[in-house]
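# Secondary and tertiary structure notes
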Amino acid sequence: DVKVTQSSRYLVKRTGEKVFLECVQDMDHENMFWYRQDPGLGLRLIYFSYDVKMKEKGDIPEGYSVSREKKERFSLILESASTNQTSMYLCASSSHLLGGYTFGSGTRLTVV
Amino acid sequence: DQQVKQNSPSLSVQEGRISILNCDYTNSMFDYFLWYKKYPAEGPTFLISISSIKDKNEDGRFTVFLNKSAKHLSLHIVPSQPGDSAVYFCAARVSNTGNQFYFGTGTSLTVIP
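Residues numbered from 1 in each chain as written. Chains lettered and ligands numbered in written order. Predicted model: local features only at pLDDT ≥ 70, side-chain atom pairs only at ≥ 80, totals over all residues. Heavy atoms only, no water.

### A short note on the overall build of chain B
Here is the rule: Elements are defined by DSSP. Helices are runs of H or I of four residues or more, strands are runs of E of two residues or more, and each kind is numbered from the N terminus. Based on C-alpha atoms, the radius of gyration is set beside the globule rule, defined as 2.2 Å times the residue count to the power 0.38. Contacts are assigned to residue pairs that have any heavy atoms within 4.5 Å of one another. Each accessible area is a Shrake-Rupley estimate made with a 1.4 Å probe; only the visible protein chains count as cover when residues are assessed. For the charge count, each Lys or Arg is scored as positive and each Asp or Glu as negative, with His and the chain ends excluded. For this purpose, a charge sits on NZ of Lys, CZ of Arg, CG of Asp or CD of Glu.
A count of helices and strands for chain B gives zero helices and 11 strands. Written out in order from the N terminus, the α and β elements of chain B read β-β-β-β-β-β-β-β-β-β-β. For 113 residues, the compact-globule estimate of 2.2 N^0.38 gives 13 Å, and the C-alpha radius of gyration of chain B, at 13 Å, lies within 12% of that figure. C-alpha extents for chain B along the principal axes are approximately 45 × 30 × 20 Å. If you take every contact in chain B between residues at least 6 apart in sequence, the share linking residues at least 24 apart comes to 54%. Roughly 5300 Å² of accessible area belongs to chain B as shown, and the carbon and sulfur atoms make up 49% of that amount. Taking the average place of the 10 positive charges on the side chains of chain B and the average place of its 9 negative ones, the gap between the two points comes to 2 Å.

### A closer look at the state of the cysteines
Covalent bonding between the sulfur atoms of two cysteines is what defines a disulfide. The cut-off we apply is this: What counts as a disulfide here is a pair of cysteine sulfur atoms lying within 2.5 Å. Note on classification: 1.4 Å probe, protein chains only; a residue is buried when its accessible area is under 20% of the maximum for its type, exposed when over 50%, partly exposed between these limits.
The full count for this structure, using the stated rule, is two disulfides over all chains. With a sulfur-sulfur separation of 1.9 Å, Cys 23 of chain A is cross-linked through a disulfide to Cys 91 of chain A. Because the torsion about its S-S bond is -75°, the bridge between Cys 23 of chain A and Cys 91 of chain A counts as left-handed. Linking Cys 23 of chain A in strand β4 (residues 23-25) with Cys 91 of chain A in strand β10 (residues 87-94), this pair joins segments that are 68 residues apart in sequence. In terms of burial, Cys 23 of chain A and Cys 91 of chain A fall into one category: buried. Linked covalently through their sulfurs, Cys 23 of chain B and Cys 90 of chain B form a disulfide whose S-S length is 1.9 Å.

### As for the side chain of Lys 38 of chain B
The cut-off we apply is this: Each salt bridge in this description consists of a side-chain nitrogen of Lys or Arg and a carboxyl oxygen of Asp or Glu lying within 4 Å of one another. We define a polar contact as two N or O atoms separated by no more than 3.5 Å, with the added condition that, inside protein, one atom must be a possible hydrogen donor and the other a possible acceptor, whereas residues neighbouring each other in sequence contribute only through side-chain atom pairs.
Counting through the fold element by element, Lys 38 of chain B comes out in strand β4 (residues 32-38). One buried charged side chain, Lys 38 of chain B, makes no salt bridge at all; its nearest oppositely charged neighbour is Glu 42 of chain B, positioned 7.9 Å away. At 3.3 Å, the side chain of Lys 38 of chain B forms a polar contact with the side chain of Gln 37 of chain A. Those residues in contact with Lys 38 of chain B, other than ones at most four positions away along the chain, are Gln 37, Met 88 and Leu 90 of chain A together with Gly 43, Pro 44, Ala 86, Val 87 and Phe 89 of chain B.

### Brief notes about the sheet that holds strand β3 (residues 19-25) of chain B
Paired through backbone hydrogen bonds, the strands of a sheet run either parallel or antiparallel to each other. Residues and elements named next belong to chain B. Operational definition: The pairing criterion for strands is at least two bridges between them, as found by DSSP.
The five strands lie next to each other as β1-β3-β8-β7-β6, forming an open sheet whose pairing is antiparallel. The sheet is open, and its two edges are formed by β1 (4-5) and β6 (56-59), each paired on a single side. Sheet topology places β3 next to strand β8 (residues 72-77); six bridges connect them, and they run antiparallel. Across the sheet, the residue bridging to Leu 21 is Leu 75, located in β8.

### Quick notes on the confidence of the model for chain B
The line we're drawing: Confidence scores labelled pLDDT are given residue by residue by the predictor and lie between 0 and 100.
Summary statistics for chain B give a mean pLDDT of 93 and a share of 98% for residues scoring 70 or more. Mean pLDDT across the elements of chain B ranges from a minimum in strand β10 (residues 102-103) of chain B, with 92, to a maximum in strand β7 (residues 62-67) of chain B, with 98.

### What to know about the layout of surface pockets
This is how it is decided: Think of a 1 Å grid over just the protein atoms. A cavity is a set of points where a 1.4 Å probe fits yet cannot get out, a pocket is an open set with protein on both sides within 12 Å along at least five of seven lines, and lining residues have an atom within 4 Å of a point. Grid points are joined across faces, edges and corners, and a volume is the space filled by probe spheres set on the points. Each residue gets one of three labels, nonpolar for Ala, Val, Leu, Ile, Met, Phe, Trp, Tyr, Cys and Pro, charged for Asp, Glu, Lys and Arg, and polar for the others, Gly among them.
Of the volumes computed, that of the largest pocket is approximately 350 Å³. Forming the walls of the largest pocket are 20 residues, and the residues nearest its centre are Gln 37, Asp 38 and Pro 39 of chain A together with Val 87 and Phe 89 of chain B. With three residues, strand β9 (residues 86-93) of chain B is the largest single contributor of residues to the lining of the largest pocket. Tallied by class, the residues present in the lining of the largest pocket amount to nine nonpolar, eight polar and three charged.

### Here's the deal with the pattern of salt bridges
All names here are of chain A. Scanning the entire structure with this criterion turns up nine salt bridges over all chains. Its salt-bridge partner being Lys 18, residue Glu 79 comes within 3.7 Å of it at the nearest N-O pair. Of the two residues, Glu 79 sits in the loop between β9 (73-78) and β10 while Lys 18 sits in the loop between β2 (10-13) and β3 (19-21), which places them 61 residues apart along the sequence. Since its relative accessible area comes to 40%, Glu 79 is described here as partly exposed.

### Examining the pairing of strand β5 (residues 45-51) of chain B
All names here are of chain B. Of the strand pairs in this sheet, β4 and β5 are connected by six bridges, and their pairing is antiparallel. Of the residues in β5, the one forming a bridge with Tyr 32 is Ser 51. From the end of β4 to the start of β5, which pair antiparallel, there are six residues, and Ala 41 there has a positive phi angle of about 65°.

Right, here's the structure in full:
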């Protein structure tokens, strides 16, 4: 069964902490994405990557960075966590050729 | 600017009846559309897709209709079941510019037993 695995389901961090959210896929997909989901705002794209060591800003990249050192792993970094980054974070991957994303189960991050 | 819009944040339907979820888009270049279903504390799961060369795609109880002239997409669920209660997202992309999908804000469907 193909999978996108996010390392944590629930995370609580303090304001100002550096936070790492990890995502691993086992489908050899080229594309990987980080979204956040907030009530009334839907899924908003933070960053995406079409290849190893490649990254592109999405719609809301401020306060975030990413790393893709290996094809299967895409990390989202909150450089200095703030309360407005409390959200559900969703990682997804896709093939260049096939339609649709496969999503991970999400990480519910709370910044206090 | 939201390129994909779901104007109904919520919908309630009796079990056994039809659920109709709507989605509008602004970019006429979108040529591939998806519906995802999301339960609380889980990631979205793929439900059904449609390409712009079609106006209808059916998969069991789920049918997606595409009206390109109106830039409108709808998902029909017949008959609705309590297990269908979830948030539904529509998504669209322009295929020859990469694989980035644009998502709507979601509609929360409640199917009442």
